Amino acid sequence: VAGLGNYGLRGTRHSVGMAVLDRLARQLAVAEGWRADRQCCADVVLATARSLELLLLKPRRLMNLNGLSVASAAEIYNLRPEDIYLVHDDLDKALGKVAIKLGGSARGHNGVRSCISALHSNEMTRLRVGIGRP
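Residues numbered from 1 in each chain as written. Predicted model: local features only at pLDDT ≥ 70, side-chain atom pairs only at ≥ 80, totals over all residues. Heavy atoms only, no water.

**Q** Before we go on, may I ask you to explain the pairing of strand E6 (residues 98-102) in this structure?
**A** Two faces make up the sheet, and in a regular strand the side chains alternate between them. Of the two faces of E6, the one holding Ala 99 and Lys 101 is buried and the one holding Val 98, Ile 100 and Leu 102 is not buried anywhere. Note: E6 against strand E7 (residues 125-130), five bridges, orientation antiparallel. Across the sheet, the residue bridging to Lys 101 is Arg 126, located in E7. (Buried < 20%, exposed > 50% of the residue type's maximum accessible area, 1.4 Å probe, protein only. Helix = DSSP H or I, 4+ residues; strand = E, 2+ residues; numbered from the N terminus. Pairing = 2+ DSSP bridges.)

**Q** Teacher, can you tell me more about the nonpolar core here?
**A** Nonpolar side chains in soluble globular proteins generally cluster together in the buried interior. Leu 4, Leu 57, Val 70, Ile 84, Leu 86, Leu 119 and Met 124 are the most contacted members of the largest nonpolar core, which totals 20 residues. Listed by contribution, the elements that provide at least two residues to this core are strand E3 (42-49), strand E4 (52-59), helix H2 (66-76) and helix H3 (110-119). Excluding anything up to four places from it in sequence, Leu 119 contacts Val 70, Ala 71, Ala 74, Pro 81, Ile 84 and Met 124. Listed in part, the ten residues of the second largest apolar core include Val 16, Val 30, Val 45 and Ala 47. (Core = buried A, V, L, I, M, F, W, Y, C linked by side-chain atoms within 4.5 Å. Contact = heavy atoms within 4.5 Å.)

**Q** Got a minute to help me understand the pairing of E3 in this structure?
**A** As paired strands, strand E2 (residues 35-37) and E3 are joined by three bridges and run antiparallel to one another. Bridging across to E3, Asp 37 finds its partner in Ala 42. Connecting E2 to the antiparallel partner E3 that follows it, the hairpin turn spans four residues, and Cys 41 within it adopts a positive phi of roughly 55°. Pairing analysis gives eight bridges linking E3 to E4, with the strands arranged antiparallel. Along E4, the bridge assignment pairs Val 44 with Leu 57.

Structure below.
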C-alpha cells in the first residue's frame, strides 16, 4: 500500500495519501516501526491485517517521482502491479469522500502517472481521497 504525496510537505492536501498511511499504521499498531529504506527511497513498515501481510510505503520523493519508489519496492518485495494499492488525493472528489478505482488511466494525477510509467502497468488499485478544489 503506497501513500502518494510530496515527501517533506506533510499536512498539505496533496500529501493526503501519506496521512492515510500514517493513520493506517497507527490502527495496525505499527506506527513506531517506520524505517527509511534506502533501496527504494521510501519510509516502509510491515503490518498484518486479517491474515494479510502488508508493506506500507511512503515515497521519499516529490509526487511526480513517487513511481520510482513504488517500482523499486515492487521489485525488492516481489510485488506485481495488481498487488499494489495506491492511496492518493483527488481534486474532483469532495473533501473527505473516497472511491476505489481498479486500474485505468492516471486521470491527470502526476503521482499515479509516475507509478504507471515506472511499473509499465496501470493495473494498480487506487484509493482516491477527495480533497476538493481550492
